[in-house]
Amino acid sequence: MLSVHGRKPAAVVVEPLAKGLLKIGLTPNATTIAGTALTVLSSVALIPTGHLVWAAVLSLFFAAFDMVDGTMARLRGGGTAFGATLDASCDRLTDGALFGAIAMWLVYVEGAAPVNVAVCLAVLVLSQTISYIKARGEAGGLTIVGGLIERPERLILGLGGLALQGFGVPHAVVVSLWILVLGSAFTVVQRLLLAKRDEKAGSRVAPPAGA
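Keep in mind the model is a prediction, meaning the values are calculated, not measured. (Residues numbered from 1 in each chain as written. Predicted model: local features only at pLDDT ≥ 70, side-chain atom pairs only at ≥ 80, totals over all residues. Heavy atoms only, no water.)

A few points about the UniProt feature "transmembrane region" (unreviewed entry) in the protein chain
At step 1: Per the UniProt record, "transmembrane region" (unreviewed entry) is annotated on residues 51-68, 102-126 and 172-194.
At step 2: In the segment residues 102-126, helix accounts for 88% and strand for 0%; the C-alpha atoms at its two ends are 15 Å apart. (UniProt positions renumbered as here; feature names shortened; annotations may be inferred. Helix = DSSP H or I, 4+ residues; strand = E, 2+ residues; numbered from the N terminus.)

Topic: the UniProt feature "binding site: Mg(2+) 1" (unreviewed entry) in the protein chain
At step 1: Under the feature "binding site: Mg(2+) 1" (unreviewed entry), the UniProt entry names Asp-66, Asp-69 and Asp-87. Maximum C-alpha separation among the annotated residues is 8.4 Å over a sequence range of 22 residues, consistent with a single clustered spot. Lining the largest cavity, from the residues named above, are Asp-66, Asp-69 and Asp-87.
At step 2: Inspection of the secondary structure assignment puts Asp-66 in helix 5 (residues 65-75).
At step 3: Under the relative-accessibility criterion, Asp-66 is labelled partly exposed at 22%.
At step 4: Those residues within four positions of Asp-66 in sequence are excluded, and the remaining contacts are Asp-87, Asp-91 and Arg-151.
At step 5: Residue position: Asp-87 is located in helix 6 (residues 81-110).
At step 6: Aside from chain neighbours lying at most four places away, what touches Asp-87 is Thr-32, Asp-66 and Asp-69. (1 Å grid on protein atoms, 1.4 Å probe; cavity = no way out; pocket = protein on both sides within 12 Å on 5 of 7 lines; lining within 4 Å. Buried < 20%, exposed > 50% of the residue type's maximum accessible area, 1.4 Å probe, protein only. Contact = heavy atoms within 4.5 Å.)

Thoughts on helix 8 (residues 151-166)
Residue pairs three or four apart in sequence face the same way in an α-helix, which turns once every 3.6 residues.
At step 1: With 16 residues, helix 8 should cover 22 Å at 1.5 Å per step; its first-to-last C-alpha distance of 22 Å lies within 8% of that length.
At step 2: All buried positions along helix 8 are accounted for by Arg-151, Glu-153, Arg-154, Leu-155, Gly-158, Leu-159, Gly-161, Leu-162, Ala-163 and Gln-165.
At step 3: The first or second residue beyond helix 8 is Gly-168, which carries a positive phi of 105 degrees. (Expected span 1.5 Å × (residues − 1).)

Considering the side chain of Ser-43
At step 1: Within the secondary structure layout, Ser-43 lies in helix 3 (residues 28-46).
At step 2: Judged by relative accessible area, which is 1%, Ser-43 ranks as buried.
At step 3: Apart from residues lying up to four places away in sequence, Ser-43 is in contact with Pro-48, Ser-59, Ala-97, Leu-98 and Ala-101.

Looking at empty space enclosed by the protein
At step 1: Using the criterion set out here, one finds two cavities of 30 Å³ or more in the structure.
At step 2: Within this model, the largest cavity holds a volume of roughly 100 Å³.
At step 3: Along its surface, the largest cavity is lined by 15 residues, and Thr-32, Gly-35, Thr-36, Asp-66 and Asp-91 are the ones closest to its centre.
At step 4: For the lining of the largest cavity, the elements supplying multiple residues, two or more each, are helix 3, helix 4 (52-63), helix 5 and helix 6.
At step 5: By residue number, the principal contributor to the lining of the largest cavity is helix 3, which donates five residues. (Points joined across faces, edges and corners; volume = space filled by probe spheres on them.)

Details of the pattern of salt bridges
At step 1: Applying the stated criterion across every chain, the model contains six salt bridges.
At step 2: Ionic pairing is found between Asp-95 and Arg-154, a salt bridge with its closest N-O pair at 3.0 Å. Within this pair, whereas Asp-95 is found in helix 6, its partner Arg-154 is found in helix 8, the two being separated by 59 residues in sequence.
At step 3: Among the residues examined, Asp-95 registers a relative accessible area of 0% and is labelled buried. (Salt bridge = Lys/Arg side-chain N within 4 Å of Asp/Glu carboxyl O.)

Focus on the packing of helix 4 against helix 8
Think of two packed helices as two axes; the pair is described by the angle between the axes and how far apart they sit.
At step 1: Two elements in contact, helix 4 and helix 8, have axes separated by 7 Å at closest approach and are oriented at 155 degrees. Relative to helix 8, the element helix 4 is oriented roughly antiparallel. Remark: the crossing between helix 4 and helix 8 carries left-handed chirality. From helix 4, Leu-52, Val-53, Ala-56, Ser-59, Leu-60 and Ala-63 reach across to helix 8, where they touch Leu-155, Leu-159, Leu-162, Ala-163, Gln-165 and Gly-166.
At step 2: Of the residues belonging to the contact of helix 4 with helix 8, the class tally is nine nonpolar, three polar and no charged. (Axes fitted to C-alpha atoms, helices over the stretch in contact; angles between N-to-C directions. Parallel < 35°, antiparallel > 145°, perpendicular 65-115°, else oblique. Left-handed = near helix turned anticlockwise from the far one by under 90°. Nonpolar A, V, L, I, M, F, W, Y, C, P; charged D, E, K, R; others polar.)

Things to note about the packing of aromatic side chains
At step 1: Per the counting criterion, the structure on display carries one aromatic pair.
At step 2: Ring geometry for Phe-61 versus Phe-62: centroids 5.3 Å apart, planes at 70 degrees, classification edge-to-face.
At step 3: Judged by its relative accessible area of 51%, Phe-61 falls in the exposed class.
At step 4: Given the relative accessible area of 15%, Phe-62 is considered buried. (Phe/Tyr/Trp six-rings, centres within 6.5 Å; stacked < 30°, edge-to-face > 60°.)

Focus on the nonpolar core
At step 1: Core analysis: the biggest nonpolar cluster contains 35 residues, and Ile-47, Leu-98, Phe-99, Ile-102, Leu-106, Leu-162 and Leu-177 have the highest contact counts within it.
At step 2: What Leu-162 contacts, discounting residues up to four positions off in sequence, is Ile-47, Leu-52, Ala-56, Leu-98, Ile-102 and Val-173.
At step 3: Ala-18, Leu-21, Phe-65 and Met-72 belong to the second-largest nonpolar core, a separate cluster that totals seven residues. (Core = buried A, V, L, I, M, F, W, Y, C linked by side-chain atoms within 4.5 Å.)

Take a look at the structure:
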């Protein structure tokens, strides 16, 4: 939802930052790679070692580059097909690092119940599936816009749970994961229905090469 409705309010902050990064010579793709590397490093280094508040703050800060790089591309006259592919691929890496690191924390630090570890892994898989449905549908000419749990909601809930747990709120991470797994499962069904109801859903597709 926020990926559709939250961009305009965020532009007040994002656009000046994007202009500043372009002035010092950074490219959108370089910004994407830097933001991804720093986000992954923050997750895998800090979460399994129990530094939850710092992990949440730094991961959220570096993840914000996901909005900045797209704005930089638009300010330069538009993004490229490779830039869009790189951005989407890096988003999947950062999501995987975040929830993989949370799973490690649950097992090795928190000693969580197996069901909660399974829920975390389910969130990881569902987050990739939500994004894949949109990408594959659009590759086939379908229009799939929106959803209950998209990447912004996923980051806010996941990192919010980490921050609250780090500040001493018990079970905050587990609660956020249960919200995410239920919301993500709903979103998978929601997006598949959007794809099914699209006017081009019945269009024939070419067979794969070699078939």
